Amino acid sequence: MYNAICFKCGAGKSGVLIQCEACEATPEAESELALSLVLSEHMSLQKQLSTHSYELRSHLKLSFLDARLDEAREALKDPQLLAMLRAGSVKAMDDSQAQPAPKADLPESTSTSRSSHNARKRSLHQSQLHTNPFAVLGVTTRDDRRRIVAQAEEKSFELDDDVCQKARSELTNPRLRLAAEVSWLPGLSPRKASQLMTMLADDAMSIRKESGLPSLARLNLLAAAFEAVSDADSSDDVAEFIQEMANLVEGLSIEQILRDINEDRSVSGFPEIKGVELVEVELAERKRTYRNTIKGALNRLPSASLVEAMTTAVDQITLGGEVHAPELIDDLVDSYTVETQDFLNNEAASVRKLIESVRDSAKSGENTVAPMVGKLVVVASNWDQVAQPIQLSVKARGIDHDPSNEIANEIRSLAVDLFNDHGMLAQSQRLTELIQELFAELPEVVERADDDAETLANIFDQQQQQTQAQAQAQAQEDEWVRDITYRTEVGVLFKDVLSISPDGVAWKSKHYDLGDVSRVRWGAVRHSINGVPSGTTYTIAFGDSRTEAVVELKKEPIYSTFLEKLWKAVVVRMLTELFEKLKAGKEIRFGEALLRDDGITLIKHKFLGANEKVRCSWGDVHVWSSGGSFYIGSKEDKKTYVDLSYINDENTHVLESAISMAFKKSGMRRLSDMLQ
Amino acid sequence: MGFFSKLFGGNEGDRALREAFEQIERILEDEQFQLDMIHPAMKAIIESRPAYDQDPNGVGPFGFSETNPIPVNGPIGQLAYLSKLETASGERILFHRIGSVDTIDVFEAVTFSGSEWFILFLDFYHPRRSRITPDGFRFTQEIGQFSGFHKFCPNFPYDFIEMKGSEGESGLSLAYIAISKVSDGIQSRVYDRPLAHKVKLDLLKSRVTSYLM
């Protein structure tokens, strides 16, 4: 039984924040820690954990409410919990005098203890931290005025005297001293401070592995280490480093800093600082320094890495633009926005030119437009790649990014025009997909693009269906043409042509359009002489309301084949027309029978006296064939019937088929039920 | 009149009873007596260690970090110290020992009302207990009768009454707080660990050496 599941792969775990045995992922960033809490039995029932496990394994969106994530984040603000997380697997917490830091310490602490940042060893002997007056003179925050003065004198033998005197002045003047203290290592013992400076000089990045340091001291050390970042560092590592810094800045406690500084001042004999206001001023300056330090490091990276590092940092720390970023990240993005403005403007201009080019070329057809749309996709993607950190940031801040909106709208407008004016569905879909991909951070744009994509997809489906239906209809039409087309010659010496096709049915000189044929009859008569069979005559007759063509055949194959074609070409239509006329309430005469939709009028044959007409419903009659005729008779009275010759009476076959078909339908009351 | 007179209503008529009261007073207050109650070997180790209010090399928040534990005089000193703590809002705490990280004992504590939960770290290898309190705490003006245990309570704090009963053999049961003072919270089932606290326990689970949960 597990009591938590991995935030990454959904596998069961026996501890909330431990490494997953299945995928080896360990929750590190605040978002991962918060998610891990939700995915534990502390916040979810076993059944819910099973559901979430399935969702993770199936790459589905987790189904819990954001409120639970907020609750987890709130829990992660607990100072003691933060301190424990900071300690991680390291049992001792070194020299920290810090109160457990607020929430922003969390990613810093976890990432430093577990991160896989660049292990390349690099020394650092020059940094802003090295120019701090404490570092210049080699004095500690607990040294008194006399020691500082003496040390300044001594150092002036090896360093520039002005530098030493300036450092002395800054450390002995209580007001100036504060700036030096804030930018030094407040809260650390002199011994620990010395150790860390040595570590910085030996391997700057090893500072990132140090845990349990007071936040400000840690920040100042990390800022120094940031000065060692070079183009050899990966963008992911720099992004992680930026997040560490940002979270630390966010978690700084002015009260704690004031306490740390005053503790040292009480030892060194300098007057204590009474309020936090002065510290706030110095801290604001420090934050500017941190931002500039990071900017400097980013500018040392290749352009692509710079963009990647910014994007990764903003993406991870805002959970894809879902939560507010720390102040330092916002400041960095603002700087980034200013510095990338020219590039973005130029790329945006290129995008617009391409949009116009596509629009102008649309009349030339899709073959001309498609490559230009391809080029537009490339340029717009380039633009978006650089704009990505800004888009994520504005999303996290809940504001619009006007340049993105403008470009998205212009691309959408082109997509709409390409479809509406030129019927270029594929290109329109391609551009809509581009908008969905590039502007995923802009909710309104995405919503509209999603609607467009759905609409275009529906249109595409409809077009597909129409095309399929047309193809199917054409195929059926072709098959029907093949099925009914037949032509043969009849006769031994003088041959006459019997033919049927979509153009009509013809015998000798008589031709009837298929739709004009209103009567058919056929049959065969066997002949014999003195009981000896002498052959069979096959008769087929067809005609319109005015004339009739009668074909006499000797060959059964011709008779059968032609009837098969005639049935499909003519009789099926006649059957349908018969049912429709009956449904319309008409009465149709077949020989002596009068056919209605709900029944038939038969003849009661009397031995003496005149025959009588008897009206029967369909439930009262039955049918049979005998002696070349089709009989319809009353079930109750065998003298009540009509007989219709197949070969002589027109449309007897049609009537027989209609009645036979209808009788097969259970509960039939009307012949026109066949139309339903 | 001493505070025990206040506690027990000043009844000094019964000599045997007074001797019992004095015995309780020694258990609660007398640091040397508390040391005398433990094994001589352990006592010798403890007496060899420095006496101070806070480890000068300690790092991290006092009492809340294993690297800056509260120095106290042996296991009975732990009970005495923790039983004298109250929060800034004047609430005393119930506590039990959930294990140790190396030589540092880890205690889980909760206010009588259940409003706040704590993890506290104590180091009992010192001849006297600290005279200072962790941030957010102060020493109570009440009699510091024991309100917790130097052992793990499986159903903390709902099993307080049973655990108190089990202290009969230790000779400490007389020094424990009256059941009536904690029974309200227990009967009302007010003790519900907050999420952050649960996670802390989860983190400690892998680190304490004698964790019994």
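Just so we're clear, the structure is a prediction, and the values are computed from it rather than from any experiment.

Parameters at a glance
Residues numbered from 1 in each chain as written. Chains lettered and ligands numbered in written order. Predicted model: local features only at pLDDT ≥ 70, side-chain atom pairs only at ≥ 80, totals over all residues. Heavy atoms only, no water. Helix = DSSP H or I, 4+ residues; strand = E, 2+ residues; numbered from the N terminus. Contact = heavy atoms within 4.5 Å. Areas by Shrake-Rupley, 256 points an atom, 1.4 Å probe, with all protein chains shown as cover. Expected span 1.5 Å × (residues − 1). Buried < 20%, exposed > 50% of the residue type's maximum accessible area, 1.4 Å probe, protein only. Axes fitted to C-alpha atoms, helices over the stretch in contact; angles between N-to-C directions. Parallel < 35°, antiparallel > 145°, perpendicular 65-115°, else oblique. Pairing = 2+ DSSP bridges. Patch = residues over 30% accessible without salt bridge, like charges linked within 9 Å, V, L, I, M, F, W, Y side chains within 5 Å. Salt bridge = Lys/Arg side-chain N within 4 Å of Asp/Glu carboxyl O. Lys, Arg positive; Asp, Glu negative; His and termini not counted. Charge placed at Lys NZ, Arg CZ, Asp CG, Glu CD. Left-handed = near helix turned anticlockwise from the far one by under 90°. Phe/Tyr/Trp six-rings, centres within 6.5 Å; stacked < 30°, edge-to-face > 60°. Lys NZ or Arg CZ within 6 Å of the ring centre and 35° of its normal. pLDDT = per-residue confidence, 0-100. Core = buried A, V, L, I, M, F, W, Y, C linked by side-chain atoms within 4.5 Å.

Q: Help me get a handle on the overall build of chain B, residues and values and all.
A: Across its full length, chain B holds eight helices and seven strands. Intrachain contacts of chain B at a sequence separation of at least 6 include 65% that bridge at least 24 residues. Of the roughly 9,100 Å² of accessible surface on chain B, a fraction of 50% belongs to carbon and sulfur atoms.

Q: Let's hear about helix α22 (residues 652-663) of chain A: which residues, and what values?
A: Between its first and last C-alpha, α22(A) extends 16 Å over twelve residues, near the 16 Å set by a 1.5 Å rise per residue. Three or more residues of α22(A) are buried, namely A:Thr652, A:His653, A:Val654, A:Leu655, A:Ser657, A:Ala658, A:Ile659 and A:Ala662.

Q: Any details on unusual backbone geometry? Residues and values, ideally.
A: Working note: non-glycine residues mostly have negative phi, and peptide bonds are mostly trans. Residue B:Pro157 follows B:Phe156 across a cis peptide bond; omega there is -10°. Residue position: B:Pro157 is located in the loop between β7 (148-149) and α6 (160-165). Of note, the phi angle at A:Glu24 is positive, near 65°, even though the residue is not glycine. Here the phi dihedral of A:Leu319 falls at roughly 55°; this positive angle occurs in a residue that is not glycine. Looking at where A:Leu319 falls in the secondary structure, it is placed in the loop between α15 (303-317) and α16 (327-361).

Q: Describe in detail the packing of helix α7 (residues 145-155) of chain A against helix α8 (residues 161-172) of chain A, supporting the description with residues and values.
A: Residue and element names in this part refer to chain A. Here α7 crosses α8 at 170°, and the two axes come no closer than 9 Å. Judged by the inter-axis angle, α7 sits roughly antiparallel to α8. Listed contacts from α8 to Arg-145, Ile-148, Val-149, Ala-152, Glu-153 and Lys-155 of α7 are Cys-164, Gln-165, Arg-168, Leu-171 and Thr-172.

Q: Which residues make up the sheet that holds strand β4 (residues 104-111) of chain B, and what values do they have?
A: Where strands meet in a sheet, backbone hydrogen bonds hold them as pairs that are either parallel or antiparallel. Residue and element names in this part refer to chain B. If you walk across this open sheet you meet the five strands as β1-β5-β4-β3-β7, and the pairing is mixed. Taken across any chain shown, the strands that pair with only one partner, and hence form the sheet edges, are β1 (70-71) and β7. Bridging between strand β3 (residues 93-101) and β7 involves two bridges; their strand directions are parallel. Residue pairing across strands places Phe-95 opposite Gly-148, the latter belonging to β7.

Q: So what's going on with a negative patch on the surface? Residues and values would help.
A: Residues and elements named next belong to chain A. Side chains of Asp-400, Asp-402, Glu-444, Glu-447, Asp-450, Asp-451 and Glu-454 sit close together on the surface and give a patch of like negative charge. Top contributing element to the negative patch by residue count: helix α20 (residues 443-484), with five residues. Along the polypeptide, Asp-450 turns up in helix α20.

Q: Pulling in residues and values, what's your account of the packing of helix α17 (residues 366-397) of chain A against helix α18 (residues 402-420) of chain A?
A: All names here are of chain A. For the pair α17 and α18, the least separation of the axes is 11 Å and the interaxial angle reads 160°. Between α17 and α18, the crossing angle belongs to the class labelled roughly antiparallel. In the crossing of α17 with α18, the sense of the turn from one axis to the other is left-handed. Here Val-369, Val-373, Leu-376, Ala-380, Trp-383 and Gln-391 of α17 lie close against α18, whose contacting residues are Pro-403, Ser-404, Ile-407, Ile-411, Leu-414 and Leu-418.

Q: Outline the packing of aromatic side chains, listing residues and values.
A: All names here are of chain B. Counted according to the given criterion, the structure contains 22 aromatic pairs over all chains. Their ring planes at 80° and their centres at 6.2 Å tell us that Trp-117 and Phe-156 sit as a pair that is edge-to-face. Within this pair, whereas Trp-117 is found in strand β5 (residues 117-123), its partner Phe-156 is found in the loop between β7 and α6, the two being separated by 39 residues in sequence. For the pair shown, Trp-117 and Phe-156 are each scored as buried. An angle of 70° between the planes, with centres 5.6 Å apart, marks the rings of Tyr-158 and Tyr-191 as edge-to-face. Of this pair, Tyr-158 sits in the loop between β7 and α6 while Tyr-191 sits in the loop between α7 (179-187) and α8 (195-205), and the two are 33 residues apart along the sequence. Residue Tyr-158 shares its accessibility class with Tyr-191, and that shared class is buried. Members of the aromatic cluster, connected to one another through ring pairs, are Phe-146, Phe-149, Phe-160 and Tyr-176. Looking at Arg-26, its charged tip hangs above the ring of Phe-33, at a distance of 5.3 Å from the centre.

Q: Break down the environment of A:Thr561 for me, citing the residues and quoting the values.
A: Assignment of secondary structure puts A:Thr561 in helix α21 (residues 556-583). Each C-alpha atom, one on A:Thr561 and one on A:Tyr486, is 8.1 Å from the other, the two residues being 75 residues apart in sequence.

Q: Explain the pattern of salt bridges residue by residue, including any values.
A: If charged atoms from side chains of opposite charge come close, those side chains can pair. Residue and element names in this part refer to chain B. Inspection of every chain in the model, using the stated rule, returns 44 salt bridges over all chains. Among the salt bridges present, the one from Arg-129 reaches Glu-29, with a minimum N-O distance of 3.5 Å. Of the two residues, Arg-129 is situated in the loop between β5 and β6 (137-139) and Glu-29 in helix α2 (residues 15-29); the sequence distance between them amounts to 100 residues. Overall, Arg-129 belongs to the buried group, its relative accessible area being 7%. Overall, the relative accessible area of 27% leaves Glu-29 in the partly exposed class. A salt bridge links Arg-92 to Glu-142, with the shortest nitrogen-to-oxygen separation between them at 3.4 Å. Taken together, the residues Arg-92 in the loop between β2 (85-87) and β3 and Glu-142 in the loop between β6 and β7 connect sequence positions 50 residues apart. Overall, the relative accessible area of 4% leaves Arg-92 in the buried class. Each of Glu-29, Glu-31, Lys-84, Arg-129 and Arg-131 takes part in a single network of salt bridges with overlapping partners.

Q: Before we move on, could you go through the environment of B:Leu122 and cite the residues and values that matter?
A: Residue and element names in this part refer to chain B. Positionally, Leu-122 belongs in strand β5. With relative accessibility at 0%, the residue Leu-122 sits in the buried group. Expressed as a C-alpha distance, the spacing of Leu-122 and Asp-105, which sit 17 residues apart in the sequence, is 5.2 Å. Discounting residues that sit within four places of it in the chain, Leu-122 has contacts with Pro-69, Ile-70, Val-72, Gln-78, Tyr-81, Leu-82, Thr-103, Ile-104, Asp-105 and Phe-107.

Q: Can you lay out the sheet that holds strand β6 (residues 510-512) of chain A for me, pointing to particular residues and giving the numbers?
A: Residues and elements named next belong to chain A. Across the sheet, four strands lie side by side as β3-β4-β5-β6; this open sheet has antiparallel pairing. The open sheet terminates on both sides in strands that have one partner only, identified here as β3 (486-490) and β6. The average angle at which neighbouring strand axes cross in this sheet is 10°, direction not considered. Taken together, the three bridges between strand β5 (residues 504-507) and β6 define a ladder with antiparallel strand orientation. Residue pairing for β6: Trp-507 is matched across the bridge by Lys-510. Across the sheet, α21 touches β3, β4 (496-501) and β5, and the angle it forms with β4 is around 35°.

Q: Can you tell me about the confidence of the model for chain B, naming the residues and giving the values?
A: Residue and element names in this part refer to chain B. Averaged over chain B, the pLDDT score is 85; the fraction of residues at 70 or greater is 90%. Per-element mean pLDDT across chain B ranges from 42 in helix α1 (residues 3-7) up to 96 in β1. Across the whole predicted complex the pTM is 0.46, and at the interface the ipTM reaches 0.82.

Q: A description of the pairing of strand β16 (residues 640-645) of chain A should follow, citing residues and the corresponding values.
A: Residues and elements named next belong to chain A. Alignment of strand β12 (residues 599-604) against β16, held across two bridges, turns out to be antiparallel. The residue of β16 that forms the bridge with Ile-603 is Tyr-641. The pairing of strand β15 (residues 629-634) with β16 spans five bridges and is antiparallel. Bridging from a neighbouring strand, Phe-630 pairs with Leu-644 of β16.

Q: Kindly report on helix α11 (residues 215-226) of chain A, identifying the contributing residues and their values.
A: Because each turn of an α-helix spans 3.6 residues, side chains separated by three or four positions end up pointing in the same direction. For α11(A), with twelve residues, the first-to-last C-alpha span of 16 Å sits near the 16 Å given by 1.5 Å per residue. In terms of burial, α11(A) is largely enclosed, as twelve of its twelve residues are buried.

Q: Describe the nonpolar core, with residues and values.
A: Residues and elements named next belong to chain A. In terms of nonpolar packing, the biggest core is built from 104 residues, with Leu-200, Met-245 and Phe-439 touching the most fellow members. Once residues lying within four places of it in the same chain are set aside, the contact partners of Leu-200 are Ser-123, Leu-124, Leu-129, His-130, Ile-207, Leu-221, Ala-224 and Ala-225. Formed by 53 residues, the second largest nonpolar core is a distinct cluster that contains Leu-553, Phe-630, Tyr-646 and Leu-655.

Q: Account for a nonpolar patch on the surface, with residues named and values stated.
A: Judged by side-chain polarity, A:Val492, A:Leu493 and A:Phe494 come together as a nonpolar surface patch covering roughly 450 Å² of accessible area. Tracing the backbone shows A:Val492 in the loop between β3 and β4.

Q: Could you give me a rundown of the side chain of A:Thr488, with the residues and numbers involved?
A: Residues and elements named next belong to chain A. For Thr-488, the location among the structural elements is in strand β3. Residue classification places Thr-488 among the buried residues on the basis of a relative accessible area of 13%. Residue contacts for Thr-488: discarding those within four places in its chain leaves Asp-496, Val-497, Leu-498 and Ile-558.

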